[in-house]
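Chain by chain, the residues run as shown.
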Amino acid sequence: MGTIYVVGAGIEGQEGFSQRALQLLEHADVIVGAPKQLALFNNLQGEKRILEDEGDVCEQLRQVIDADVVVLASGDPLFFSIGRDLLRNIPPENLEFVPNVTSAQFAFARIKQPWDDAVFISAEGLPLTMVVNRIIANDKAAVLTHDRCPASAIAHEMLHRGREGYSVYVCENLGGDDERIEETSVKALLD
């Protein structure tokens, strides 16, 4: 097996990729990623493979062992992304990671707040109580919500515990035409 390049897709579309990332994509035989990410590279010759579920990426990669492969990930592939799963299933010497700006970094830049003192929480796969425990144990938290653990559920649990005195920023569709950033309250998140 050769090197599999795991390239982080930025918030801003193709112009957000580094020169190295673009070169790797231009020379790739196979590009694996989400439909939205692959659409950025329709002009490239490499075979495009849709990654429907992160769980099937290793199986897809086993099918293209002798090809030059780029896997597209969101932001930094090692920050709540596919990198962890790849490292569990593929020898590290066969992987190279090319990170990009994460949605959390981008959000902090948009709200003009330092982020080096924040705790980062992915609500995917965590019980709601654990998400809220981590929020209230820290002065500043960035929470990547999930359909199974939406902001409204987090707010409900925080209010249930009497924890409403937090400043809250909701950052949606960052970098897109429909980007929305709103400073609000825990109580307002119920809606």
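We now turn to the structure provided with this report. (Residues numbered from 1 in each chain as written. Predicted model: local features only at pLDDT ≥ 70, side-chain atom pairs only at ≥ 80, totals over all residues. Heavy atoms only, no water.)

Considerations on the environment of cysteine 58
With respect to the helices, strands and loops of the structure, cysteine 58 is situated in helix H3 (residues 57-62). Residues cysteine 58 and tyrosine 5, spaced 53 residues apart in sequence, show a C-alpha to C-alpha distance of 13 Å. Setting aside chain neighbours within four positions, we find cysteine 58 in contact with Asp85, Leu86 and Asn89. (Helix = DSSP H or I, 4+ residues; strand = E, 2+ residues; numbered from the N terminus. Contact = heavy atoms within 4.5 Å.)

Details of the sheet that holds strand E3 (residues 47-50)
Strands sit in the order E3-E2-E4-E1-E5 across an open sheet of 5 strands; the sheet is parallel. Strands with a single pairing partner mark the edges of an open sheet, and in this sheet they are E3 and strand E5 (95-98). Pairwise comparison of adjacent strand axes, ignoring direction, gives a mean angle of 25 degrees for this sheet. Taken together, the 6 bridges between strand E1 (residues 4-9) and strand E4 (residues 69-74) define a ladder with parallel strand orientation. (Pairing = 2+ DSSP bridges. Axes fitted to C-alpha atoms, helices over the stretch in contact; angles between N-to-C directions.)

Here we look at the pattern of salt bridges
Pairing between side chains of opposite charge can happen when their charged atoms approach one another. Across all of its chains, the model carries 7 salt bridges by this definition. Aspartate 117 is paired through a salt bridge with lysine 140; the nearest N and O atoms lie 3.0 Å apart. Placement of the pair is aspartate 117 in the loop between helix H5 (103-111) and strand E6 (119-122) and lysine 140 in the loop between helix H6 (128-136) and strand E7 (141-144), with a sequence separation of 23 residues. Where arginine 161 meets glutamate 157, a salt bridge forms, and the shortest distance between an N and an O atom there is 2.9 Å. In this structure arginine 161 comes out as partly exposed when scored by relative accessible area, which is 27%. The exposure class assigned to glutamate 157 is buried, which follows from its relative accessible area of 15%. (Salt bridge = Lys/Arg side-chain N within 4 Å of Asp/Glu carboxyl O. Buried < 20%, exposed > 50% of the residue type's maximum accessible area, 1.4 Å probe, protein only.)

Details of the pairing of E1
For E1, the tally of buried residues reaches 6 of 6 residues, placing the bulk of the element in the interior. Where E1 lies against E5, 4 bridges are found, and the strand directions are parallel. When the bridges of E5 are listed, isoleucine 4 appears paired with leucine 95.

Topic: unusual backbone geometry
Its identity is not glycine, yet phenylalanine 80 carries a phi of approximately 50 degrees, on the positive side. Counting through the fold element by element, phenylalanine 80 comes out in the loop between E4 and helix H4 (83-89). In this structure, lysine 112 is a non-glycine residue whose phi angle is positive, near 60 degrees. Along the polypeptide, lysine 112 turns up in the loop between H5 and E6. Taking relative accessible area as the criterion, lysine 112 reaches 71% and is therefore assigned exposed.

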